[in-house]
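Structural characterization, general
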Amino acid sequence: MLTYVLRRLLTAVPVLLGVTVINFIIMRMAPGNPVDMLVSPKLPAAAAEARRLALGLNEPAYVQYGLWLKNLLLHGDLGYSLITYEPVTRVIFDRMGPTLLLMGTALALGLLVAVPLGVLSATRQYSKLDYLASTGSFLGLSVPGFFLGLGLIYLFAIQLQWLPSGGMTELGGSGGFVDRLRHLILPALVLAAAVAGRCIRYVRSSMLEILGHDYLRTARAKGVRETLVVGRHAMRNALIPIVTVIGLEMSVLLGGAVVVEQVFAWPGIGQLTLSSIMSRDYSTLMGLNLVAAVSVIAVNLATDFIYAAVDPRVRTSYEGEGAA
Amino acid sequence: MKRIGKGALALVLSASLALVSACSNANAPANEPSAEAPAAGGAKSVTVGVTYAPSNINPLAPVGLVSTYVASLLFPPLVDLDSDLQYKPMLADSIETSDNKTFTIKLNEKAAWTDGKPVTADDVIFTLGLMTNPKVASNLAYLFAIIEGLDDAGFLPEGQSAISGVKKVDERTLTVTVKAPTTLSIFQDTIGKNLLTLPQSALADIAPEELAKSDFMQKPDVTSGPFKLAEYNRDQFVRLEANDAYFKGAPKLDSLNFKVLQGNAVTAQLQSGEIDMNIPSAGVIPVGDYEKVKGLQGIRTVEAAPLATQFMYINEAVVPDAKQRQAISYAMNRQQIVDKLLHGAGEVVDSYFTSYSPYRDESVQPAAYDPEKAKSLLAESGWDSAKTLRLYVLSGDATLEQAANIVAENLRAAGVQTKIQMMDLATLIDNLVKMDYDLGILTVSLTPINPLPDIAYFLKEGNPSGYKNAEAEKLLDAIAAETDEAKIKQSYSDLQKIIAQDVPMPAIYATKALGAVSERVSGAEPKDFGMFINVYEWDVK
């Protein structure tokens, strides 16, 4: 197992390096540059030159990349934003919290709805509840996040005035738990609807497959109560593939968060990414891409471990590899 | 969702936003604690909605309009331009000159930093030194190039430690000598408005190249303006608290907030009471919402002066003949755009001077809509109507995108085929600067007092159209060297006649932004220039 982990971690290094190189090249190939956004073209060439010099953009591209990599490896430093001069690590760290809070709440909320509903609709296949759950899941899947978001804003923020229309805290307010919760409800609901929509279908089909297995018939024949058959014997096995789905769900959630953060002015990574792209803030974008790549790899790794932990068959196969 | 094109997405988005804001009712915003009832402790607070993020608050190199507004509230400029286009005293009590060469700046006697120290001539000179230091690389330095002792980009040449044109007279007085005689209004428009004085005592130990990254510039804690910085989250909001020691008087408000909003949210949040007012050109209300905002209860609206102008950039390598460019100008139905698309909230303009500009020559009328004339001009010039021109348009502004479609249709009717391509600002500017375009539509706001730097850029060598006219260049040089306002006006007049003939980059229309303010706020007027001059007198009911 340990060898397996080490091997996975080692293969992650060239992947990450490759991601940063590709990002660097694509960013430089994109039209426009940060100096044009900061220094109006009507200014004397010397003004743009001074800014280019101050930002280190006068060096050849490979030198700039080398410097970036050196600072990252030796000091863990991602440099400064070309636009605001804030340290990139701090900017990303500040924005990571709100995004994780939003994603985490949405994931938890989505699963809380999806797992029971999925299981119930599988055990009562073709019942009214099953149809209701399937229809609901289709709705959750197909209604675009921004549309649902705007609808909720209209209803709860403008018409009923129960909840704020955006932001994370009240301006000049306490910023306490209740305040945050009020701001979190709507954006989390929008993301959770999509999560639940996707997961209900996975849980349901996975359950249906398991329910047909012989060992459950055996259990029933032995006189085990139906709730126990479903709850202990069937669900445990049915949820194993869901672990993988959750892993995949993370990157989809991150993408969804970009849109939802825009609609609700949620101060997270998504909003930062868009504004950095618009202003061609190379160093912030490099940092953001690196963080995204690391999280995807980390989540994949974590998924594999959890998979191994819940499924003995998988564990044995890892051990086999390790021994070889 | 992937398959929906960007344009369609934007359309659906704006349609649904319109839906959100269209559904008004009599719901008083009583449940909104931030707006109706003052916040806890009876604090008086006003929230201003803006649609651009204050990306930084570095007074030496502000990024965008809102950054400048916020920085100026913390560090007042020497003088500030009001909406009547007159300069009002701020940190400087007066700026005077007798020979248009040496300008005497007298600072307000009461001006003090929040740490108790007085604001002195040394602080001003220190800030001038930072502004013109190439290591600080300020994007405003070029405005200071008129000062004696600085190079053409406004930087202090290497090896020199002091600007020869700047002299301290006493603790509160200094003189600035310029290279060539210039008018007081140009001095005020460059140095007077753009030098936001910084505290020497707080910054003396920071190396110039480290300044922008310093904690001070990220969150200034020694300031002199009517408000102090309390909280700053660059894509979300800025919260300012009253500086009771402000030299013009303690503000009546306890706090002033800027809230960053997505375009269409301005209307919704005015309605819900989450914001109290906007800044017309920096908290843009979409044209489609104007009627709705004007009808909101408890909200007063103000039509701002026409400022933001849409220009048609023309690459002369592709459209070399002045007749062809005239044809493009005649082919555009500007009046229809203003009447139907802007519902009258704008004006027809075809050059650099809107009706707000003191230099506009009323005898030079904008090119009228005349498709027949356009056709005959094109025929005379031998235009190949089979040729298709690339028309690059700035994306993100729904009104501009629709106007571009009308323009493309107008051009097609006259015999100029175009293919519209939307692009973001960075990409569009890149293409314009490299002259890798045929036609381009971009919004430009020219400063009304001193439009020379912009116009010189558009007409002189190195301009993005490839335009060249020796006579125009001579006029521009004459304007730069002149100190007599009447003669300057005459030269601008002559220039407008040349532009009408050559049509290097015709304007299409200028928008009149809408300002809105809640009736609970007194003393405040939404306007693009001078909105915050009297901010210390603002109050809430």
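Residues numbered from 1 in each chain as written. Chains lettered and ligands numbered in written order. Predicted model: local features only at pLDDT ≥ 70, side-chain atom pairs only at ≥ 80, totals over all residues. Heavy atoms only, no water.

Let us now look at the overall build of chain B. Assigned secondary structure in chain B consists of 16 helices and 19 strands. Against the globule reference of 24 Å for 541 residues, chain B gives a C-alpha radius of gyration of 24 Å, in line with a compact fold. Expressed as lengths along the three principal axes of its C-alpha atoms, the size of chain B is roughly 70 × 60 × 45 Å. By residue count, 59% of the 541 residues in chain B fall in the buried class. Considering only intrachain contacts with a sequence separation of at least 6, the fraction spanning at least 24 residues in chain B is 71%. Carbon and sulfur atoms provide 51% of the accessible area of chain B, an area that totals close to 21,200 Å². Side-chain charges in chain B split into 48 positive and 67 negative, and the spacing between the mean points of these groups amounts to 3 Å. (Helix = DSSP H or I, 4+ residues; strand = E, 2+ residues; numbered from the N terminus. Rg over C-alpha atoms; globule rule 2.2 N^0.38 Å. Buried < 20%, exposed > 50% of the residue type's maximum accessible area, 1.4 Å probe, protein only. Contact = heavy atoms within 4.5 Å. Areas by Shrake-Rupley, 256 points an atom, 1.4 Å probe, with all protein chains shown as cover. Lys, Arg positive; Asp, Glu negative; His and termini not counted. Charge placed at Lys NZ, Arg CZ, Asp CG, Glu CD.)

What follows deals with the pairing of strand 4 (residues 92-97) of chain B. Residue and element names in this part refer to chain B. Note that strand 4 and strand 5 (residues 102-107) share five bridges and pair antiparallel. Counted as the bridge partner of Glu 96 is Thr 104 from strand 5. The turn linking strand 4 back onto strand 5 is made up of four residues, and Asn 100 within it adopts a positive phi angle of 60 degrees. (Pairing = 2+ DSSP bridges.)

With that out of the way, let us pick up the nonpolar core. Residues and elements named next belong to chain B. Formed by 114 residues in total, the largest nonpolar core has its most connected members in Leu 256, Phe 258, Phe 532 and Trp 538. When near neighbours in sequence (up to four residues on either side) are disregarded, Trp 538 contacts Val 46, Lys 252, Leu 253, Leu 256, Met 277, Ser 522, Gly 523, Ala 524, Met 531 and Phe 532. Counting residues in each nonpolar core, the second largest holds 80 residues, with Val 266, Ile 275, Tyr 313 and Leu 439 among its members. (Core = buried A, V, L, I, M, F, W, Y, C linked by side-chain atoms within 4.5 Å.)

All names here are of chain B. The tally for this structure, following the rule as stated, stands at four cavities of 30 Å³ or more. Residue lining of the largest cavity: Pro 306, Leu 307, Thr 309, Phe 311, Tyr 352, Phe 353, Thr 354, Ser 357, Leu 446, Thr 447, Pro 448 and Pro 451, and that is the complete set. Here the residues of the lining of the largest cavity sort into eight nonpolar, four polar and no charged. (1 Å grid on protein atoms, 1.4 Å probe; cavity = no way out; pocket = protein on both sides within 12 Å on 5 of 7 lines; lining within 4 Å. Points joined across faces, edges and corners; volume = space filled by probe spheres on them. Nonpolar A, V, L, I, M, F, W, Y, C, P; charged D, E, K, R; others polar.)

The description of an aromatic ring pair uses the distance of the two centres, along with the angle that the planes make with each other. The final tally for this structure, using the stated rule, is 18 aromatic pairs over all chains. Relative to Tyr 65 of chain A, the ring of Phe 24 of chain A has its centre 5.4 Å away and its plane inclined at 65 degrees; by these criteria the two rings are edge-to-face. Residue Phe 24 of chain A is located in helix 1 (residues 2-29), and its partner Tyr 65 of chain A is located in helix 4 (residues 61-75); the two are separated by 41 residues in the primary sequence. The two residues Phe 24 of chain A and Tyr 65 of chain A agree in class, both being buried. Relative to Phe 458 of chain B, the ring of Phe 311 of chain B has its centre 6.1 Å away and its plane inclined at 35 degrees; by these criteria the two rings are tilted. Of the two residues, Phe 311 of chain B sits in strand 12 (residues 299-314) while Phe 458 of chain B sits in helix 14 (residues 452-459), which places them 147 residues apart along the sequence. An identical accessibility class is assigned to Phe 311 of chain B and Phe 458 of chain B; each is buried. One aromatic cluster in this structure is built from Phe 311, Tyr 313, Tyr 352, Tyr 457 and Phe 458 of chain B. Its end group placed over the ring of Phe 138 of chain A, Arg 201 of chain A keeps NZ or CZ at 4.8 Å from the ring centre. (Phe/Tyr/Trp six-rings, centres within 6.5 Å; stacked < 30°, edge-to-face > 60°. Lys NZ or Arg CZ within 6 Å of the ring centre and 35° of its normal.)

Another aspect to go through is the interface of chain A and chain B. If you look at the interface, chain A gives 49 residues, while chain B gives 55 residues. When the area that chain A buries against chain B is broken down by residue, the three leading residues are Lys 42, Gln 161 and Leu 171 of chain A, summing to 16%. For the interface between chain A and chain B, the tally reads three salt bridges. Connecting chain A to chain B are 10 residue pairs in polar contact (both at pLDDT 80 or more). Listed by contribution, the elements that provide at least two residues to the side of chain A that touches chain B are helix 2 (34-38), helix 3 (45-55), helix 5 (88-123), helix 7 (145-159) and helix 12 (269-278) of chain A. Considering every element that reaches the side of chain A that touches chain B, the biggest residue donor is helix 7 of chain A, with six residues. (Buried area = accessible area lost by both parts, 1.4 Å probe. Salt bridge = Lys/Arg side-chain N within 4 Å of Asp/Glu carboxyl O. Polar contact = N/O pair within 3.5 Å; in protein donor to acceptor, adjacent residues only side chain to side chain.)

All names here are of chain B. Its location among the elements puts Leu 452 in helix 14. Among the residues examined, Leu 452 registers a relative accessible area of 12% and is labelled buried. Put simply, Leu 452 and Ile 105 are 347 residues apart on the chain and 24 Å apart in space, counted from C-alpha to C-alpha. Discounting residues that sit within four places of it in the chain, Leu 452 has contacts with Leu 476, Ile 479, Ala 480 and Tyr 492.

Residues and elements named next belong to chain B. With the rule as written, the count across this model stands at 37 salt bridges over all chains. Salt-bridge contacts for Arg 390 lead to Asp 436; the nearest nitrogen and oxygen are separated by 3.3 Å. Here Asp 436 lies in the loop between helix 13 (425-433) and strand 16 (439-445) and Arg 390 lies in strand 14 (residues 388-394), a separation of 46 residues in the sequence. The exposure class of Arg 390 is partly exposed, given its relative accessible area of 30%. Among the residues examined, Asp 436 registers a relative accessible area of 39% and is labelled partly exposed. For Lys 468, the salt bridge goes to Glu 473, with nearest N and O atoms at 3.9 Å.

On to the sheet that holds strand 6 (residues 166-170) of chain B, then. Residues and elements named next belong to chain B. Read across the sheet, four strands follow the order 4-5-7-6 without closing on themselves; strand pairing throughout is antiparallel. In this open sheet, the two edge strands, each paired with only one partner strand, are strand 4 and strand 6. Between one strand axis and the next, the sheet turns by 20 degrees as a mean value, whatever way the strands run. Examined bridge by bridge, strand 6 and strand 7 (residues 173-177) share four bridges and lie antiparallel to one another. Paired with Val 166 across the strands is Val 176, a residue of strand 7. Along the sheet face, helix 3 (residues 121-131) touches strand 5, strand 6 and strand 7 and points at about 170 degrees away from the line of strand 6. (Axes fitted to C-alpha atoms, helices over the stretch in contact; angles between N-to-C directions.)

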